[in-house]
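Chain by chain, the residues run as shown.
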Amino acid sequence: MSFKFAFLDSGTGGIPYMQYLKQKCPDSYCLYLADTLNFPYGTKTPQQIIENACSCISLIVQKWNPDAIVIACNTISVTALDVIRRRFSQVHIVGTVPAVKLAATVSKNHTIGLLATEGTVHHPYITDLKEKFASDCNLLLRGDSNLVSFVENRFFKSSLQECLDAVEPACNFFLSHGCDAIILGCTHFVHLRNIFQQAVDGKAVIVDSRDGVVRQSLKVVGEKNQSPDCPHDDSGIFSLLADFLSEKPLDQSLFVTGFSGQDLSAKYQDLCRSLQIPWGGILR
């Protein structure tokens, strides 16, 4: 039995989550909505985040009626997940939150770093995560809206050196404070996971929440015939991107919310062509 999953993020950050779910459940059908009209979410007020996210979910439910919706955005999840679940109780909602528990597990010196949006790092939910899963750890926080913008607007056409330069300030910050585990607490940063791993040069472990989110997504729809676990592949700097460039196009479609300007539309169509993800168009 196949299932229909919808993914929501402010931009392209959640694409690695969609790809990982396809690896785990190849028969699934995935639709992705990037709320480019309201990008970025990390600098918005809680009420703006709630309103924007709920508006997008209304569109998703109305047009696609998925079996589950994956909120592939840490900022939306820590800010609005409870409200979203109350308003849309008829559909399974899966959130994405920073992998604090995993980082605490792999850290040897009990000093971990969280790299996320400003909205996420300053949210009280992060304090709750630390107290619950990493009470014996020192947690360093860094908000980086500029890096979010880099991933959304420049990453896919940037050189390796440009990517390394983009992550260097964050890596230097965490390593200078003794962090040996760094959490990618914004889904956009997962595109750069292997870049981060090269930049820290073995001095820290890079963790993200893909595995936990995908496992929960498959659990809530009652999937019983998953393919074997797919471990993260860090063998190459661009292995994440290479995963997308498979010979066979995947059953996925990328949509964006309404915007003005043909250049932006062309940008996302180019992205879809490069990733072999069908361009769905503008969802209004």
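A quick note: this is a predicted structure, and the numbers were derived from the prediction, not measured. Counting restarts for each chain, with residues numbered from 1 along the sequence as it is written. In view of the model being predicted, local features appear only for residues whose pLDDT reaches at least 70, and side-chain atom pairs are presented and counted only at 80 or more, with totals across whole chains, interfaces and linings using the full set of residues. Just so you know, side-chain values use all the structure's heavy atoms and leave hydrogens and water out.

### A few points about unusual backbone geometry
- With an omega of -5°, the peptide bond between phenylalanine 39 and proline 40 qualifies as cis.
- Secondary structure elements follow DSSP: runs of H or I no shorter than four residues count as helices, runs of E no shorter than two count as strands, and numbering proceeds from the N terminus. Its place among the elements puts proline 40 in the loop between β2 (29–34) and α2 (46–64).
- Not every positive phi belongs to a glycine, and asparagine 65 is a case in point at roughly 50°.
- Take asparagine 65: it is sitting in the loop between α2 and β3 (68–71).
- Buried, partly exposed and exposed residues are distinguished by accessible area as a fraction of the type maximum, computed with a 1.4 Å probe on protein chains only: under 20%, between the cut-offs, and over 50%, respectively. Using a relative accessible area of 57% as the deciding quantity, one classes asparagine 65 as exposed.
- Positive phi is not limited to glycine here, since aspartate 201 has a value of about 55°.
- Along the chain, aspartate 201 falls in the loop between α9 (193–200) and β8 (205–207).

### Here we look at the environment of proline 26
- With respect to the helices and strands, the residue proline 26 is situated in the loop between α1 (15–24) and β2.
- Its relative accessible area of 46% is what places proline 26 among the partly exposed residues.
- Each C-alpha atom, one on proline 26 and one on serine 2, is 8.7 Å from the other, the two residues being 24 residues apart in sequence.

### Comments concerning helix α3 (residues 74–87)
- The length a helix should cover is 1.5 Å for every residue beyond the first. With 14 residues, α3 should cover 20 Å at 1.5 Å per step; its first-to-last C-alpha distance of 19 Å lies within 8% of that length.
- The axis of α3 is deflected most strongly, by about 75°, at alanine 80.
- Of all 14 residues in α3, 10 are buried, a share of seventy percent or more.
- We call two residues in contact whenever any of their non-hydrogen atoms come within 4.5 Å of each other. On its buried face, α3 is in contact with β1 (4–9), α2, β3, β4 (92–94), α5 (118–121) and α6 (124–133). Note on bend: at a given residue it equals the angle between the axes fitted to the 7 residues ending there and to the 7 starting there.

### What about the confidence of the model for the chain?
- Each residue gets a pLDDT score, which is the predictor's confidence in that residue and runs from 0 to 100. The share of residues in the chain with pLDDT of 70 or more is 86%, and the mean pLDDT across the chain is 86.
- Low pLDDT (under 50) marks residues 224–250, which in the prediction has 55 contacts with non-local residues, meaning those over four places away or in another chain.

### Focus on the pattern of salt bridges
- The salt bridge criterion pairs a side-chain nitrogen of Lys or Arg with a carboxyl oxygen of Asp or Glu, the two atoms within 4 Å. On inspection of all chains with the given rule, the structure shows six salt bridges.
- The salt bridge involving lysine 203 is made with aspartate 201; its shortest N-O contact spans 3.8 Å. Considered together, lysine 203 and aspartate 201 belong to a single accessibility category, that of exposed residues.
- Arginine 215 is the salt-bridge partner of aspartate 211, the closest N and O atoms lying 2.7 Å from each other. Residue aspartate 211 and its partner arginine 215 are located together in helix α10 (residues 210–220), separated by four residues, close to a single helical turn.
- In the salt-bridge network here, residues are joined through shared partners; they are Arg193, Asp208 and Arg210.

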